[in-house]
Every structure is written in C-alpha cells, then in structure tokens.
Amino acid sequence: MNEKQLTRSRVLYIIEATVEYFVSILVAGTFLATLTNYLHFDTATTGIISSFISLGCVFQLFAMVVFRGRTKKTVVVFSVINQLLFTLLYVVPLIEGDNSFKQGTFICLILLAYIIYNIAHPAKIGWLMSLVDDSKRGRFTATKEIVSLITGTLFTFGMGSVIDYYETKGDLKSAFIVIAIGMVVLTVFHTLLMIFTVEKEPTATEEKRSFKSIFSVLKDKNVIKVTIVFSLWYLASCVTTPFYGAYQRSADGLAFPMWFISILSGVYAIVRSLFSYVWGSYADKYSFANMIKICFSIAGLGFLVNVFCTPENGFVVYTIYYILTAIAMAGINSALINLCFDYAQGNRRRDALAVSQAISGVIGFLATTAISPLVSYIENNGNMLFGISVHAPQVTSLIAVVLTIVCIAYVSIFMTKKQKKSEDV
C-alpha cells in the first residue's frame, strides 16, 4: 500500500465522517425532539430515548468477538443497515394507526439502529484511524471535526428550514418525507466512501475470542483508568443533556424556533472549529490527559451557566452555554478516543475503546433513567421544586456541575500527574 493510497483514503475518511455526522444530526437533539413531540412523547421519555445513544455503547463489546482481522466488508454492511433504520424513524409518523403502536415502533427502531451502529463502531474507528500516523492524530482528528462542523451547520440550517416551512403550513408529514429521502441519498454516498477507502493488512493474526475472554482487557490498569474517565463524563453529561432538546422545542420551555436553533448550530460550529485545531495541537504537545482536564472545566462552567437559563432569558443564556460547550467539546470527544490509543497498544486499543464506551454507555443510560422521575415530577408540579419556580433542566444542570468537578478531580489525580512524572523521568 503506497502513500498515495493512504493519503486519498484519509481524505475519504474525513468526507465519510462528515456524511455520517449529517445523519447523526437528523436523529438527535431538536430534530429528534421534533419527531418525539409529533408522536406525543413527554420530555422525560424523550430524554431516555436520546440516551439510547449511550445505552447502545454496551453492544460495542460484540465488536471484540465479531471483528477479527479484516473488518471493512462487515463494517460497511452494518453501516448500511444502521442508516436505513435511522431513515425509518421519519417513516413511522406517516404510518396510519394507533399512536401507542407508532411510539413502540419508533423506540424499537432507534434502539436497534444504535445497537448495530455500536457493534461496528470500534472496528470502524480502528480501521480508519490506523491510516493516520500516531504523531498526527490530534491534528487529523481536529481537521476531520472542523470539516464536519462547518458543513454540518449548513446542513442543519437547510433541514431546519424544511421543518420550519412545513410546520408553518401545518404539514410536518411532508417535512418527514423530504428528510427521509435525503437520508437514503446520504446512506448511498456514505457507503461508496467506505468502499473506496483502503484497509491495511492486520499487523498480527488475532485469536478467536469469547465473551468470557474479552473481559481480560479490564485487567489492564491503564484501560481501567480510561474507562473511569469515560464513565464519569457520561454520568455528568447524561443527567442533563438528553433533556435539552425537548426543553428547546417545548412550548412550556424555551420554545426556540428551528431558525434560531440553526443559528445556534452555526455559532457552535464556528467556535468548535476554531478550538478543535487548537486543542489538537495542544494535545499533541502536552498530552490528551492535560487537554481533557481543561475541557472538562469549561464544560462544567457551561452547565453552571445553564442553571440560570429560563424562558425569559433563554435566547441569551442558552447561547452562552452553547458557546462554552462548543469550546469544551472541541477537545473532549477527541481526547476520550485518543486516550484509548495513548493508554493501550496494538489490537488492545480497539478493545479498550469498546469496553470503555460499553461501560460508560450503560452508566450514562442509567443516569438519564434515574433522573427522569425528577424531571417528570418538576414538570407535573407546574415547574416547581421545594416551593421554588424552576425548570427541570436547570436542576439537572446543577447536578451536572457537581459531577463535572468529580471528572476534573479524577483526571488531575490519576492521569495528568502520572503523565508529568513519566515526562520527568
């Protein structure tokens, strides 16, 4: 395999990640909230559905058994099935019949889609990231993210305009049809991009593993450390962010129109793009552990700002929160994945990613599920808690602040200090 093939494949990887990001936009956040509102899900249930992204991570453990040696063909097939299932989410509202049946079908489809996505995800990341030199992972990841964010802003604005247009006409079903057709086109394009991306020969022959043997990866203390970082962050973010989408769209909440959400997405993309390369360069120089500690601090500040976000000041305060989150997430997602590559070697990198995301995903889902009764209680009580007028996302944001502080403390004590000691030696 020559350098020309590798260079072309890295470019295709960047485009592939962008197209996949487009699909993810349409099945998360306010787009997902638009679907769930149409199907008459309440805020708490919408939050739990949003957290299926986290729960699906447990199925990444299957990747350690299913994928050995060459993985490209299987990953491509799984990706096609996954994206077609996502497309069907926009078909469900078009079905005639009882709404409870449509709700059940919707939940089954999104859960199955994330299960399939997560089974293939570690192998896919292992395949595509193997095309990137280790010394350039930070900057490459940043470049990939910047392209996705900038183009994703335009995509969000376009799809948001489709929803606004048909929502004004009282014909959301037509909007769902347009988006479903668009997702089929994206699926075809995404598939072709993966087909034309090369795959390196496995560096060594992998032995067949059972589910019992794959947990041997947890005997590695370094993998455990990374898993704990994943878990603490998922715990902090999943107690509140799954409820933000419904809060933005709800008439009793912030009641943002899609055009404003599109503007927010644009601001988010610009800010995150500006900081992605900064964080990538910083991590390549000072380590991903040091970088993620700073990003956690900024994320915690964002949650704190959101504690004071109400329908009266939402346009301003939520925008401030969104900007802080953009700065933080410019580094957090990249750091979490790259910590697996820093603390594990060879084929164990893929295993470390699978175990870390599986365990943290379950923790994140349980966190959302556990906090949902509180969200329902506050909403059913007229947005009151202990005699204080407050919206549920304000309370969950405060809880997230405390948990983010725990994240920062753990990384400071158990990861960055070890990194500094190693450098001194």
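Rules of the game
- Residues numbered from 1 in each chain as written.
- Predicted model: local features only at pLDDT ≥ 70, side-chain atom pairs only at ≥ 80, totals over all residues.
- Heavy atoms only, no water.
- Helix = DSSP H or I, 4+ residues; strand = E, 2+ residues; numbered from the N terminus.
- Rg over C-alpha atoms; globule rule 2.2 N^0.38 Å.
- Buried < 20%, exposed > 50% of the residue type's maximum accessible area, 1.4 Å probe, protein only.
- Contact = heavy atoms within 4.5 Å.
- 1 Å grid on protein atoms, 1.4 Å probe; cavity = no way out; pocket = protein on both sides within 12 Å on 5 of 7 lines; lining within 4 Å.
- Points joined across faces, edges and corners; volume = space filled by probe spheres on them.
- Salt bridge = Lys/Arg side-chain N within 4 Å of Asp/Glu carboxyl O.
- Patch = residues over 30% accessible without salt bridge, like charges linked within 9 Å, V, L, I, M, F, W, Y side chains within 5 Å.
- Areas by Shrake-Rupley, 256 points an atom, 1.4 Å probe, with all protein chains shown as cover.
- Disulfide = S-S within 2.5 Å.
- Core = buried A, V, L, I, M, F, W, Y, C linked by side-chain atoms within 4.5 Å.
- Phe/Tyr/Trp six-rings, centres within 6.5 Å; stacked < 30°, edge-to-face > 60°.
- Axes fitted to C-alpha atoms, helices over the stretch in contact; angles between N-to-C directions.
- Parallel < 35°, antiparallel > 145°, perpendicular 65-115°, else oblique.
- Left-handed = near helix turned anticlockwise from the far one by under 90°.
- Nonpolar A, V, L, I, M, F, W, Y, C, P; charged D, E, K, R; others polar.

S.K.: What am I meant to see in the overall build of the chain here?
M.R.: Helix and strand counts for the chain stand at 17 helices and two strands. Relative to its length of 425 residues, the chain is compact, with a C-alpha radius of gyration of 21 Å against a globular reference of 22 Å. Dimensions along the principal axes, computed over C-alpha positions, put the chain at roughly 60 × 45 × 40 Å. Counting all 425 residues of the chain, 56% fall into the buried class. Contacts in the chain between residues far apart in sequence, at least 24 positions, make up 85% of those at least 6 positions apart.

S.K.: Sorry, what's going on with the environment of Leu112 here?
M.R.: With respect to the helices, strands and loops of the structure, Leu112 is situated in helix α7 (residues 99–129). Judged by its relative accessible area of 40%, Leu112 is partly exposed.

S.K.: Explain unusual backbone geometry to me, please; I cannot follow it from the model alone.
M.R.: Excluding glycine, residues mostly have negative phi values, and the peptide bonds linking residues are mostly trans. Residues other than glycine seldom take positive phi values, yet His40 does so here, at roughly 65 degrees. Residue placement: His40 occurs in the loop between α2 (29–38) and α3 (43–50). Of note, Phe386 is a non-glycine position whose phi angle comes to about 55 degrees, a positive value. Position of Phe386 among the secondary structure elements: in the loop between β1 (384–385) and β2 (388–389).

S.K.: For this particular structure, what's the right way to read the layout of surface pockets?
M.R.: Empty space among the atoms becomes visible once a probe the size of a water molecule is rolled across them. Here the second largest pocket is characterised by a volume of approximately 300 Å³. Around the second largest pocket, the lining is made up of 18 residues, and of these Thr43, Ser250, Asp252, Gly253 and Glu379 lie nearest the centre. Those elements that provide at least two residues to the lining of the second largest pocket are α3, α12 (244–249), α16 (348–380) and α17 (392–424).

S.K.: Sorry if this is basic, but what is going on with the environment of Ser9 here?
M.R.: Note on placement: Ser9 falls in helix α1 (residues 3–26). We classify Ser9 as buried; its relative accessible area is 0%. Along the sequence, Ser9 and His40 sit 31 residues apart, while their C-alpha atoms lie 44 Å from each other. Every residue in contact with Ser9, bar those within four places of it in the chain, is listed here: Leu131, Phe196, Thr197 and Val198.

S.K.: Any chance you could explain the pattern of salt bridges here in plain terms?
M.R.: Any two side chains of opposite charge can pair, so long as their charged atoms come close to each other. A complete count under the given rule lists five salt bridges for this structure. When the shortest N-O distance is used, the salt bridge between Lys124 and Glu16 registers 2.5 Å. Of this pair, Lys124 sits in helix α7 while Glu16 is found in helix α1, placing the two residues 108 residues apart along the sequence. The buried category is assigned to Glu16, whose relative accessible area is 2%.

S.K.: What's the story with a nonpolar patch on the surface in this structure? I'm lost.
M.R.: Together, Val184, Val188, Leu192, Ile195 and Phe196 line one region of the surface with nonpolar side chains, adding up to about 450 Å² of accessible area. One can find Val188 in helix α9 (residues 172–195).

S.K.: Sorry, what's going on with the state of the cysteines here?
M.R.: Disulfides are covalent bonds that link the sulfur atoms of two cysteine residues. One pass over the full model with this rule turns up zero disulfides. As a non-bridged cysteine, Cys295 has Cys407 as the owner of its nearest cysteine sulfur, 12 Å distant.

S.K.: Looking at this structure, how should I read the nonpolar core?
M.R.: One recurring pattern in soluble globular proteins is that nonpolar side chains are buried together. Ranked by internal contacts, the top residues of the largest apolar core, which has 121 residues, are Trp233 and Ile332. Per element, the largest residue contribution to this core is 16 residues, and it comes from helix α15 (residues 314–343). Contacts of Ile332, omitting those with residues within four sequence positions, involve Trp233, Ile292, Cys295, Phe296 and Ala299. Residues Phe243, Ile371, Val375 and Val395 belong to the second largest nonpolar core, which totals eight residues.

S.K.: How should the packing of aromatic side chains be read in this particular structure?
M.R.: Each pair of aromatic rings is reported with the distance of its centres and the angle of its planes. The full count for this structure, using the stated rule, is 25 aromatic pairs. Taking the centre distance of 5.3 Å and the plane angle of 90 degrees together, the rings of Tyr38 and Phe176 count as edge-to-face. Of this pair, Tyr38 sits in helix α2 while Phe176 sits in helix α9, and the two are 138 residues apart along the sequence. Classification of Phe176 by relative accessible area gives buried; the value is 0%.

S.K.: I'm lost on the packing of α2 against α9 in this one. Help?
M.R.: The interhelical angle for the contact between α2 and α9, taken along N-to-C directions, is 135 degrees, at an axis separation of 12 Å. In terms of orientation, α2 and α9 fall into the oblique class. The handedness of the crossing between α2 and α9 comes out as left-handed. Of the residues in α9, those in contact with Thr34, Leu35 and Tyr38 of α2 are Leu172, Lys173 and Phe176. Class assignment of the residues belonging to the contact of α2 with α9 gives a composition of four nonpolar, one polar and one charged.

S.K.: What exactly am I supposed to notice about the environment of Ile81 here?
M.R.: In this structure, Ile81 sits in helix α6 (residues 72–88). Along the chain, Ile81 and Ile337 lie 256 residues apart, while their C-alpha atoms are 24 Å from each other.

S.K.: When you look at empty space enclosed by the protein in this model, what are you seeing that I'm missing?
M.R.: Under the defined criterion, the tally for this structure stands at three cavities of 30 Å³ or more. In this structure, the second largest cavity occupies an estimated 50 Å³ of space. Forming the boundary of the second largest cavity are Glu20, Phe78, Ser79, Asn82, Ile116, Tyr117, Ala120, His121 and Lys124. The set of elements that each furnish at least two residues to the lining of the second largest cavity consists of α6 and α7. It is α7 that provides the largest number of residues to the lining of the second largest cavity, a total of five residues. When the residues that make up the lining of the second largest cavity are grouped by side-chain class, the tally is four nonpolar, three polar and two charged.

S.K.: When you look at the packing of helix α14 (residues 288–306) against α15 in this model, what are you seeing that I'm missing?
M.R.: When two helices pack together, their arrangement is captured by the angle between the axes and the distance separating the axes. Taken N-terminus to C-terminus, the directions of α14 and α15 make an angle of 155 degrees; their axes are 8 Å apart at the nearest point. Between α14 and α15, the interaxial angle falls into the category roughly antiparallel. The way α14 lies across α15 gives a crossing that is left-handed.

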